[in-house]
Amino acid sequence: LIVLLIAALVFIAGSLWTFSSTDSSWFYHATQLQSYKNIFGFLGSHSAALFIYLFGRAAFLSVFVGLYFLLFYLFSSLMKRVQAATEWDRAVGVILWFVSMTVYCQIYMKPLYDFSYSGGVVGNYILTHVLGSFDTIVQQIIIWVLLLCSTLLITRCSYLPAILYVGKVLGY
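Residues numbered from 1 in each chain as written. Predicted model: local features only at pLDDT ≥ 70, side-chain atom pairs only at ≥ 80, totals over all residues. Heavy atoms only, no water.

## Topic: the overall build of the chain
Secondary structure assignment for the chain yields seven helices and zero strands. By the compact-globule yardstick of 16 Å for 172 residues, the chain is too spread out, its C-alpha radius of gyration being 20 Å. Dimensions of the chain, computed from C-alpha atoms along their principal axes, come out at roughly 70 × 45 × 25 Å. Here the chain holds 172 residues, and the buried ones make up 34% of them. A sequence separation of at least 24 residues applies to 63% of the contacts in the chain between residues at least 6 apart. In the form shown here, the chain has an accessible surface area of approximately 10,900 Å², with 71% of it arising from carbon and sulfur atoms. (Helix = DSSP H or I, 4+ residues; strand = E, 2+ residues; numbered from the N terminus. Rg over C-alpha atoms; globule rule 2.2 N^0.38 Å. Buried < 20%, exposed > 50% of the residue type's maximum accessible area, 1.4 Å probe, protein only. Contact = heavy atoms within 4.5 Å. Areas by Shrake-Rupley, 256 points an atom, 1.4 Å probe, with all protein chains shown as cover.)

If you want it as structure tokens, here you go:
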């Protein structure tokens, strides 16, 4: 199973890395017969186009999400060093970070390709339907707070001791 997960991760990473918008996929059809520029050919081109359509520029970060869950499986199932009961918060943090990054890309970046939003369908949906009733500044604050919260969940780092130390140094 671990070899299958590694192969899937390499496939996704290679497909995204060598994606060309002129390769035939669900979003682009060439009228002339041409060779694929994607390293994984037909299947790689379609998979990468789907990832970019769904997640936009954040699709390239999906490799890191997959890597986290691969390492989580490796450490929990095979090496018995971590238990799922103690790691669920990090898993939630990684997913929250990835979803927040799709919205971040939708707010701050230009579209990568003609067939997709900069945050993909996911980022665009969350921005328009969940955060759509807020002002642009409030949307940005919410995304930055979500990114900070997900970072805290992933690293399990509390900034409170650092804040208290700075306050003590400054004399508060």
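Let's pick the thread back up.
## Some thoughts on the side chain of serine 15
Within the secondary structure, serine 15 is located in helix α1 (residues 2-17). Aside from chain neighbours lying at most four places away, what touches serine 15 is Asn38, Phe40, Gly44 and Ala48.

## Comments concerning a nonpolar patch on the surface
Among the surface-exposed residues, Tyr165, Val166, Val169, Leu170 and Tyr172 lie close enough to one another that they form a single nonpolar patch of about 660 Å² accessible area. Inspection of the secondary structure puts valine 169 in helix α7 (residues 160-170). On the accessibility criterion, valine 169 (55% relative accessible area) is exposed. (Patch = residues over 30% accessible without salt bridge, like charges linked within 9 Å, V, L, I, M, F, W, Y side chains within 5 Å. Salt bridge = Lys/Arg side-chain N within 4 Å of Asp/Glu carboxyl O.)

## Quick word on the environment of alanine 162
Among the secondary structure elements, alanine 162 is positioned in helix α7. Sequence separation between alanine 162 and tryptophan 17 is 145 residues, and the spatial gap between their C-alpha atoms is 39 Å.

## Quick notes on the packing of α1 against helix α2 (residues 41-55)
At a minimum axis separation of 8 Å, α1 and α2 run at an interaxial angle of 80 degrees. Of the possible angle classes, the one that applies to α1 and α2 is roughly perpendicular. Together, Phe11, Ile12, Ser15 and Leu16 of α1 and Leu43, Gly44, Ser47, Ala48, Phe51 and Ile52 of α2 make up the contact between the two elements. Split into classes, the residues belonging to the contact of α1 with α2 amount to seven nonpolar, three polar and no charged. (Axes fitted to C-alpha atoms, helices over the stretch in contact; angles between N-to-C directions. Parallel < 35°, antiparallel > 145°, perpendicular 65-115°, else oblique. Nonpolar A, V, L, I, M, F, W, Y, C, P; charged D, E, K, R; others polar.)

## Structural notes on helix α5 (residues 120-130)
Within α5, the full set of buried residues consists of Gly120, Gly123, Asn124, Ile126 and Leu127. What you see down the axis of α5 is that its buried residues fit within an arc of 165 degrees, all on one side. On its buried face, α5 is in contact with α2, α4 (84-108) and α6 (136-155). (Arc of directions from axis to C-beta.)

## Focus on the pattern of salt bridges
By the definition in use, this model includes three salt bridges. The salt bridge involving glutamate 87 is made with arginine 156; its shortest N-O contact spans 3.4 Å. Linking glutamate 87 in helix α4 with arginine 156 in the loop between α6 and α7, this pair joins segments that are 69 residues apart in sequence. Given a relative accessible area of 8%, glutamate 87 falls into the buried group. For arginine 156, a relative accessible area of 38% puts it in the partly exposed group. Salt bridges sharing partners connect three or more residues here, namely Glu87, Asp89, Arg90 and Arg156.

## Examining the packing of aromatic side chains
As enumerated under the stated definition, the model contains eight aromatic pairs in all. With 5.0 Å between their ring centres and 55 degrees between their planes, phenylalanine 11 and phenylalanine 40 make a pair best called tilted. Of this pair, phenylalanine 11 sits in helix α1 while phenylalanine 40 sits in the loop between α1 and α2, placing them 29 residues apart in sequence. Ring geometry for phenylalanine 51 against phenylalanine 55: centres 6.0 Å apart, planes inclined by 65 degrees, an arrangement best described as edge-to-face. Here phenylalanine 55 and phenylalanine 51 lie together in helix α2, a separation of four residues that amounts to about one turn. (Phe/Tyr/Trp six-rings, centres within 6.5 Å; stacked < 30°, edge-to-face > 60°.)

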